[in-house]
Amino acid sequence: MSRRHGAIGACLLALALMRVCMGADQPATSPSGETPQQRDARLAWWREARFGLFMHWGIYAIPANEWKGLEKKNSPPGLGAEWIMYNAKIPVAEYEPLARQFNPVKFNADEWVHIAADAGMKYMVITAKHCDGFAMFASKASKYNIVDATPFGRDPMKELKAACDKQGMRLGFYYSHSWDWHEPDALGLDNTWDFPDRAKKDINKYLASKSLPQVKELLTLYKPAILWFDVPNDLKPEHSRQFLDLIRALQPDCVVNDRIGNGMGDYGTPEQFIPAGRPDSLFEVCMTLNNHWGYDKNDHHWKPAGEVIRNLVDIVSKGGNYLLNVGPTAEGVFPPEAIRILAEVGQWMKVNGQSIYGTTAGPFAALPWGRCTAKPGKLYLHVLDWPADGRLLVPGLKTNVVQAHLLADAQHKPLSVTRAGEQDVAVALPGEPADPADTVVVLEIEGEPVVDLTPVLFNQPQYRNVFGASAAKLHGKTIRYGGRNMGQQIYDHIGSWKDAADWAGWDCRAIAPGAFDVVITCKADAAQQGNEYMVNIADQQLTGQVNATGEKSTFKEFKVGTVTISGPGRYELTVKPKTIKPGTALMDLHAVTLVPVRK
Ligand code: H79
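Given the structure is predicted, the values throughout are model-derived calculations rather than measurements.

Rules used in this analysis
- Residues numbered from 1 in each chain as written.
- Predicted model: local features only at pLDDT ≥ 70, side-chain atom pairs only at ≥ 80, totals over all residues.
- Heavy atoms only, no water.
- Helix = DSSP H or I, 4+ residues; strand = E, 2+ residues; numbered from the N terminus.
- Rg over C-alpha atoms; globule rule 2.2 N^0.38 Å.
- Buried < 20%, exposed > 50% of the residue type's maximum accessible area, 1.4 Å probe, protein only.
- Contact = heavy atoms within 4.5 Å.
- Areas by Shrake-Rupley, 256 points an atom, 1.4 Å probe, with all protein chains shown as cover.
- Lys, Arg positive; Asp, Glu negative; His and termini not counted.
- Charge placed at Lys NZ, Arg CZ, Asp CG, Glu CD.
- Pairing = 2+ DSSP bridges.
- Axes fitted to C-alpha atoms, helices over the stretch in contact; angles between N-to-C directions.
- pLDDT = per-residue confidence, 0-100.
- Polar contact = N/O pair within 3.5 Å; in protein donor to acceptor, adjacent residues only side chain to side chain.
- Near = heavy atom within 4 Å.
- Phe/Tyr/Trp six-rings, centres within 6.5 Å; stacked < 30°, edge-to-face > 60°.
- Lys NZ or Arg CZ within 6 Å of the ring centre and 35° of its normal.
- Salt bridge = Lys/Arg side-chain N within 4 Å of Asp/Glu carboxyl O.

Colleague: Any details on the overall build of the protein chain? Residues and values, ideally.
Modeller: Along the backbone of the protein chain there are 12 helices and 26 strands. Against the globule reference of 25 Å for 599 residues, the protein chain gives a C-alpha radius of gyration of 26 Å, in line with a compact fold. When its C-alpha atoms are laid out on the principal axes, the protein chain stretches across 75 × 65 × 45 Å. Scored against the burial criterion, the 599 residues of the protein chain give a buried share of 56%. Contacts spanning at least 24 positions in sequence make up 73% of the contacts within the protein chain whose residues lie at least 6 apart. Carbon and sulfur atoms make up 53% of the accessible area of the protein chain, which amounts to about 24500 Å² in all. Taken as two groups, the 64 positive and 66 negative side-chain charges of the protein chain have centres that lie 2 Å from each other.

Colleague: How would you summarise the sheet that holds strand β2 (residues 123–129) if you had to cite specific residues and measurements?
Modeller: Taken in spatial order, the 7 strands make up an open sheet running β5-β4-β3-β2-β1-β7-β6, and their pairing is parallel. A single partner strand is all that each edge strand has here, and the edge strands are β5 (255–256) and β6 (284–288). The pairing of strand β1 (residues 51–55) with strand β7 (residues 321–326) spans 5 bridges and is parallel. In the strand pairing of β7, G52 is matched with L323. Along the sheet face, helix α8 (residues 156–167) touches β2 and β3 (170–175) and points at about 170 degrees away from the line of β2.

Colleague: For the confidence of the model for the protein chain, give the residues involved together with the corresponding values.
Modeller: Per-residue pLDDT for the protein chain has a mean of 93; in total, 93% of the residues score no lower than 70. Every residue in residues 1–29 scores below 50 in pLDDT, and together they form 46 contacts with partners more than four places removed in sequence or on other chains.

Colleague: Provide a residue-level description of the side chain of R42, including the pertinent values.
Modeller: For R42, the position within the fold is in helix α2 (residues 36–49). Residue classification places R42 among the buried positions, given a relative accessible area of 5%. A polar contact of 2.7 Å, which involves the side chain of R42, links it to the side chain of D266. Discounting chain neighbours no more than four positions away, the residues touching R42 are E34, R248, P252, D253, C254, V255 and D266.

Colleague: An account of unusual backbone geometry is requested, with residue identities and associated values reported.
Modeller: Positive phi values are uncommon outside glycine, yet K223 reaches one of about 45 degrees. Relative to the assigned elements, K223 resides in the loop between α9 (203–222) and β4 (226–229). Here D539, not a glycine, exhibits a phi torsion of approximately 60 degrees, which is positive. Note on placement: D539 falls in the loop between β22 (532–537) and β23 (540–545).

Colleague: Please give an account of the site of the ligand that cites residues and values.
Modeller: Near the ligand there are 17 residues, and of these H56, E82, W83, H130 and D230 occur at the shortest range. One of the side-chain nitrogen or oxygen atoms of E82 is found 2.6 Å away from an oxygen atom of the ligand. Between the ligand and H130, the relevant distance is 2.8 Å, taken from an oxygen atom to a side-chain nitrogen or oxygen of the residue.

Colleague: Any details on the packing of aromatic side chains? Residues and values, ideally.
Modeller: What the rule picks out here adds up to 23 aromatic pairs. Here W45 and Y123 contribute two aromatic rings whose centre-to-centre distance is 5.7 Å and whose plane-to-plane angle is 80 degrees, an arrangement assigned as edge-to-face. Here Y123 lies in strand β2 and W45 lies in helix α2, a separation of 78 residues in the sequence. For W45, a relative accessible area of 15% puts it in the buried group. The class for Y123 is buried, based on a relative accessible area of 0%. Between the aromatic rings of F134 and Y144, the centroid separation amounts to 4.9 Å while the plane-to-plane angle is 85 degrees, which identifies the pairing as edge-to-face. One end of the pair, F134, is in the loop between β2 and α7 (146–149); the other, Y144, is in the loop between β2 and α7, with 10 residues separating them in the sequence. Taken together, the aromatic side chains of W57, F102, F107, W112 and F334 make up a single cluster linked through ring pairs. The ring of Y86 has K89 sitting right over it, with the charged end atom 3.6 Å from the ring centre. Cation over ring: K122 sits above Y357, and NZ or CZ is 4.5 Å from the ring centre.

Colleague: Run through the pattern of salt bridges, naming residues and quoting values.
Modeller: One pass over the structure, following the stated rule, counts 32 salt bridges. Of the charged contacts, one joins D190 and R198 as a salt bridge, the two residues approaching to 2.5 Å between their closest N and O atoms. On the basis of relative accessibility, which here comes to 2%, the residue D190 falls in the buried class. For the salt bridge of R241 with D245, the shortest nitrogen-to-oxygen distance reads 3.2 Å. With R241 and D245 both in helix α10 (residues 237–250), this residue pair falls 4 residues apart, about one helical turn. Put simply, K129, D180, E183 and K210 are held in one network by salt bridges that share partners.

Structure, rendered in structure tokens:
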């Protein structure tokens, strides 16, 4: 990367990070030389745990994201607080003395672990060292650590380990193994304001003198359940290998995230977003509870408990874990808002934990009313958008249902379940949800769930039937799927559609008659304005005009018309060009949505 991180450099780094974060590079055979069975056994607890607490705690909690007004200068969105040294280009000589003020006397390990356990979290990961280079544990490899350099003088990691062992919580460490703004030899995103001469920097020296020895200390002193590395973009395979060998030698059971680098980790780490679909490999979404990782005294953008619960459910329904972050203060306490939100999440978890822990991804492709998690013989239907007519349609479920009840109902009072067509099931729900954030219906089923994945057209007006770009069958020479952004699918689309013979189609199934507004979500530039397309379903054809949507990445919705489906059956929804102006592509099509019309 260039010394100054211009737009291209930032993009490349972000791209590399997202590849790493999605576990895209995970090899089929384990780099540790384990058998798949050994790996499964090692990861069993982690797969069951589902919900963990992330903590970004360091001497950066003192400035709390304010530094002479310089903090915003280089601040990438969401990266402040723990990044203050980098953003404000604080010289080591000015940053180091923060340690002498760091005295978090209110720190109480038992209390922190209790808060996490009470929220339903099964593991915690705390920054043993972030990119500022300050070790939050008793390190012999560097004096720049909490025991030797602060008036506090205690080792919070040791105290946390003891508290975790007492309360049955697993403890893991975040460790920035590559970036370190305190050290003259570290590379990657390095400290160029104190140490401008990059030619003099020796990454091997940095790794051998600080990074590897500190990881060794962490492994021997605290036997961590997880090592959570960060930003390995500048590490070569032999570097990542050194860390992995150390871990396997000292703590063979340790779970390792993918940011150890070079495809050597156990799981992918999407940061601040939830993958749109279900990834092929293990993953853990890490996310902040407000907008920062470290403590920021001015950040009051807290996610409500309901949002945290829905995120957790969304992630678990795709087979992932949720690592939710809190940035403790320089006094050693969690912000009061964080405590309140976590307690609220805990209320929900106490009632509904069974639908989270030890579950796997549900068998359905998409459910317009919510999400599904599964255990042998059970489907947990997470109703996020309660049906106004009380009818919960479970599309495509061929397996027999034995019984259904609300998880929140201790009596397990059976809900009426009817077959709606050969392969669909309808559950009659009470008038009101048990919890507005997520009410869970337990379906006890006969054996393995067998599901027809063809999307069913819901005709309840509160739900939308979305046919997205990634699910389309594409026909023709020029038409392409693209733009998938970090698996978020916010920007994905069908594009480069230059040939009028090319088209996109989606299969679907209706189980009842209905009328639907057809809505196109697309983007187009001025040159594409005036292109025309046709939408077909059930022998009806609508024609639409492409309109320029202005800003580059903004997709807009356009209603094309209304179609009616007269009865049950299989249908194909298609989008075909009518006219494409020479030299242009039809449009960038993100989705076609069939919105049920109110009768
Ligand atoms: O610890 C938290 C963050 O501090 C850390 N990971 C979470 C868990 C982290 N997030 N992002 N990064 C580290 C690396 C991001 C680098 C980039 Fe940039 C930000 C790439 C583009 C914007 C800085 C500015 C580097 C290039 C431009």
